[in-house]
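Overview (structure and organization)
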Amino acid sequence: MSILVINVGSSSVKVGLFGAADAEEFVDELPTGIFADDAGGALAKLLAAAGAGPIQGVGHRVVHGGARFRTACRIDDSVVGEIESLSPLAPLHNPAAVAGIRWARQRWAHVPQVAVFDTAFHSGMPPEATTYAVPAAWREAGVRRYGFHGISHQYVMERVARSLATEASALRIVSCHLGNGASICAIQGGASIDTSMGMTPLEGLVMGSRPGDLDPAIAPHVHRALGLGFEAIEEVLYRQCGLAALSRHGEDMRKVEAAAASGDADASRALALYAYRARKYIGAYAAAMGGIDVLAFTGGVGENSAPMRERICDRFGYLGLALDRGANADLRLRAFESGQVQHRDSRVRVMVLRAREQWMIAREVRAVLATKEEAPWTT
């Protein structure tokens, strides 16, 4: 069975092909907006150039599944409508995912399509993690913590457990997915118990173009002081904050690190703030779980930036965590490899893994297509 995966992120669209052996035949990474701009023509050309055979299933990463979608499910018109209705909660992601879904359903009208949700892994978090202290009417309107990057955090949990030949249920893992979008997840007992992103992907860490945690009074203050409407404020929060706002070098971590290395003070401060926010969440989740067995890094920054991993791991001696700076700097990963970069005396394992969201999505597609259920979501 040949599975096509369409993974719409905040800064790119990743596509992958998976054959019967589950080996990924990577196609390419495309700019966001391709489905709106050229009706998917760029993707169609790539698939043709890659010699893709008959597609037997298509998997779509959907960032926000709301409270309804707690598992992957087959896509029909009602599912598309529900995903689209959640777009205000993930404006960088859900509209693009819907565009990709519509294009794929039109191109492969008789091929089953499956939605795989970033929120699903977090759907069992306890009330103390999901509940905001807001009026009941707000909570009834859906105001709660959902969490994101669940596909990646679930992969981290499973791969860490397999690498250590240990049941996931026996581990306390803090998973750091650091990329243009970034989040940290506390995993205990084989499940997500808390995560840094909230009702939307804005909350939590400093990201490429998003600010992370903010005092909620900032929005009305900016409205009154600068005359910005709430739509304009939302646009700024999603696209003009984070690293892009803190330095002159945009949201690309590589450029910011290069600028800092050449003496740019603003870039250095941006990196310090990025690492500080991550350390705060790691420390909070250590408290929530009563300690950490594994600190794991994944995502574009988590996998590839040894300096940022070192900055984040600094000052965790009280947890018994000691980084091997040489092993951290020299680490190179391929395919499903995971590396350990802790010092031999460290009580906490520090692991680095390549993100494998496409592979996880393809696996979910196969699982859904193996069942007869049309829409395995909660009522």
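Everything that follows concerns the structure shown earlier in this document.
Keep in mind that what you see is a predicted model, and the values were worked out from it rather than measured. (Residues numbered from 1 in each chain as written. Predicted model: local features only at pLDDT ≥ 70, side-chain atom pairs only at ≥ 80, totals over all residues. Heavy atoms only, no water.)

So, the packing of aromatic side chains
Inspection of the entire model under this criterion finds five aromatic pairs. Taking the centre distance of 5.9 Å and the plane angle of 55° together, the rings of Tyr281 and Tyr285 count as tilted. With a gap of four residues between them, Tyr281 and Tyr285 both fall in helix α12 (residues 265-289), about one helical turn apart. The pair formed by Tyr281 and Tyr285 is uniform in burial state, with each residue classed as buried. (Phe/Tyr/Trp six-rings, centres within 6.5 Å; stacked < 30°, edge-to-face > 60°. Helix = DSSP H or I, 4+ residues; strand = E, 2+ residues; numbered from the N terminus. Buried < 20%, exposed > 50% of the residue type's maximum accessible area, 1.4 Å probe, protein only.)

Description of the packing of helix α7 (residues 150-163) against helix α16 (residues 357-369)
The contact between α7 and α16 brings their axes to 9 Å, and the two run at 90°. Compared by their axis directions, α7 and α16 come out roughly perpendicular. For the pair formed by α7 and α16, the contact residues are Ile151, Ser152, Gln154, Tyr155 and Glu158 on the first element and Glu357, Trp359, Met360, Ile361 and Arg363 on the second. Taken together, the residues of the contact of α7 with α16 sort by class into five nonpolar, two polar and three charged. (Axes fitted to C-alpha atoms, helices over the stretch in contact; angles between N-to-C directions. Parallel < 35°, antiparallel > 145°, perpendicular 65-115°, else oblique. Contact = heavy atoms within 4.5 Å. Nonpolar A, V, L, I, M, F, W, Y, C, P; charged D, E, K, R; others polar.)

Overview of the sheet that holds strand β10 (residues 294-298)
Remark on secondary structure: sheet strands pair via backbone hydrogen bonds, oriented parallel or antiparallel. Here six strands make up an open sheet; going across it, the order is β9-β8-β7-β10-β12-β11 and the pairing mixed. Single-partner strands in this sheet number two, and they are β9 (191-195) and β11 (338-340). The sheet shows a mean angle of 25° between the axes of neighbouring strands, direction not considered. Across five bridges, the pairing between strand β7 (residues 172-178) and β10 is parallel. Directly across from Cys176, in β10, lies its bridge partner Phe297. On the sheet, α7 packs against β7, β8 (182-188), β9, β10, β11 and β12 (349-353) and is oriented at approximately 130° with respect to β7. α12 rests against β7, β8, β9 and β10 of the sheet, and its axis sits at about 15° to β8. (Pairing = 2+ DSSP bridges.)

Here's the deal with the side chain of Arg74
As for its placement among the helices and strands, Arg74 is situated in strand β5 (residues 73-74). A distance of 3.3 Å separates the side chain of Arg74 from the backbone oxygen of Thr371, its partner in a polar contact. (Polar contact = N/O pair within 3.5 Å; in protein donor to acceptor, adjacent residues only side chain to side chain.)

Concerning unusual backbone geometry
The phi torsion at Ala165 lies on the positive side, around 50°, for a residue other than glycine. The exposed category is assigned to Ala165, whose relative accessible area is 74%. Even without glycine at this site, Arg315 takes up a positive phi of about 75°. Positionally, Arg315 belongs in the loop between α14 (306-313) and α15 (325-330).

Brief notes about the layout of surface pockets
A volume near 1100 Å³ is recorded for the largest pocket. Mapped onto the lining of the largest pocket, the elements with two or more residues apiece are β3 (24-30), α11 (253-261), α13 (299-304) and α16. When residues in the lining of the largest pocket are grouped by element, the largest group, five residues, is from α13. Residue classes in the lining of the largest pocket are distributed as twelve nonpolar, 17 polar and 14 charged. (1 Å grid on protein atoms, 1.4 Å probe; cavity = no way out; pocket = protein on both sides within 12 Å on 5 of 7 lines; lining within 4 Å. Points joined across faces, edges and corners; volume = space filled by probe spheres on them.)

A look at the pattern of salt bridges
In this structure the tally under the stated criterion is 15 salt bridges. Residue Arg248 pairs with Asp264 through a salt bridge whose shortest N-O separation is 2.7 Å. Here Arg248, found in the loop between α10 (243-246) and α11, pairs with Asp264, found in the loop between α11 and α12; they are 16 residues apart in sequence, far enough to count as distant. Judged by its relative accessible area of 64%, Arg248 is exposed. (Salt bridge = Lys/Arg side-chain N within 4 Å of Asp/Glu carboxyl O.)

Some details on empty space enclosed by the protein
A complete count under the given rule lists one cavity of 30 Å³ or more for this structure. A volume near 60 Å³ is recorded for the largest cavity. Lining the largest cavity, in full, are Gly66, Ala67, Phe69, Arg70, Thr119, Ala120, Ser123, Arg144 and Tyr146. A per-class count over the lining of the largest cavity returns four nonpolar, three polar and two charged.

A closer look at the nonpolar core
If you look at the biggest cluster of nonpolar residues, it comprises 47 residues, and the most contacted ones within it are Val174, Leu178, Ile184, Tyr274, Ile282 and Leu295. Mapped by element, the contributors of at least two residues to this core are β7, β8, α11, α12, β10, α14 and β12. Ranked by the residues each element gives to this core, the list is headed by α12, at eleven residues. Setting aside chain neighbours within four positions, we find Val174 in contact with Ile184, Cys185, Ile282, Tyr285, Met289, Ile292, Val294, Leu295 and Ala296. Membership of the second largest hydrophobic core comes to 19 residues, among which are Ile6, Leu17, Leu30 and Trp108. (Core = buried A, V, L, I, M, F, W, Y, C linked by side-chain atoms within 4.5 Å.)

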